[in-house]
Amino acid sequence: MNQTKSTIAEVIRERRSIKTGYLDEPVPTELVKEILEDAVWAPTHGMREPWRFIYVPSEKKEDFVTSLVETFPEERREDRRDYFSKPSSFLIVVMDEDPRQKVWEENFGAVSCLLQNFQLLAWERDLGVVWKTNPHIYEPKVHELLGIQPEEKIVGFIHMGYFEEKPKPKQRTSINDKFTLYTP
């Protein structure tokens, strides 16, 4: 058995969520599309491909942030403007909702796999990302701003940008603490 880690294992272990420290460098739309072209090869039940994407490129970010902060209560707007001004661009990931629990969970699982693929592929291209699920993804005003339909759900805002410093990895719990061997 091969004892060396594969490149995939290395990328999985090295990838970090980049929350701050974005450089003032635009993220090319074509790069995001290239990454998505590979990321969509995630497992998807019945080939439903229950996703769509709204991309806010770097050159449109300021206008978007101005509109987005208007959906917040007035006392939070300045704080939210600062928060949303840090990334270079945003990818909003939207999922088809289904009233059947099993289908809904399969769809969410597929979109989650796609997002993991996206994060790994972005990391490989030195693009920092973080998947954010803050409360604004449920806000009707945000849904209206983005044209989210009643049968859709925002799975998250993917904050993106190039970065200077890689965060240090945090320790993970040993698998031995989380692993049970079934014995009848």
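Residues numbered from 1 in each chain as written. Predicted model: local features only at pLDDT ≥ 70, side-chain atom pairs only at ≥ 80, totals over all residues. Heavy atoms only, no water.

A. Quick peek at the confidence of the model for the protein. Per-chain confidence: the protein averages 93 in pLDDT, with 97% of residues scoring 70 or above. Across the protein, strand E1 (residues 51-56) holds the top mean pLDDT of 98, while helix H1 (residues 7-14) sits lowest at 87. (pLDDT = per-residue confidence, 0-100. Helix = DSSP H or I, 4+ residues; strand = E, 2+ residues; numbered from the N terminus.)

B. Region of interest: the pattern of salt bridges. Taken as a whole and judged by the stated rule, the model has 10 salt bridges. Put simply, Asp-79 and Arg-76 hold a salt bridge, and the shortest N to O gap is 3.7 Å. By relative accessible area, Arg-76 is classed as partly exposed at 36%. One salt bridge connects Arg-80 with Asp-79, and the closest N-O pair in it is separated by 3.0 Å. Judged by its relative accessible area of 11%, Arg-80 is buried. Taking the relative accessible area as the measure of exposure, Asp-79 reaches 41% and is therefore partly exposed. (Salt bridge = Lys/Arg side-chain N within 4 Å of Asp/Glu carboxyl O. Buried < 20%, exposed > 50% of the residue type's maximum accessible area, 1.4 Å probe, protein only.)

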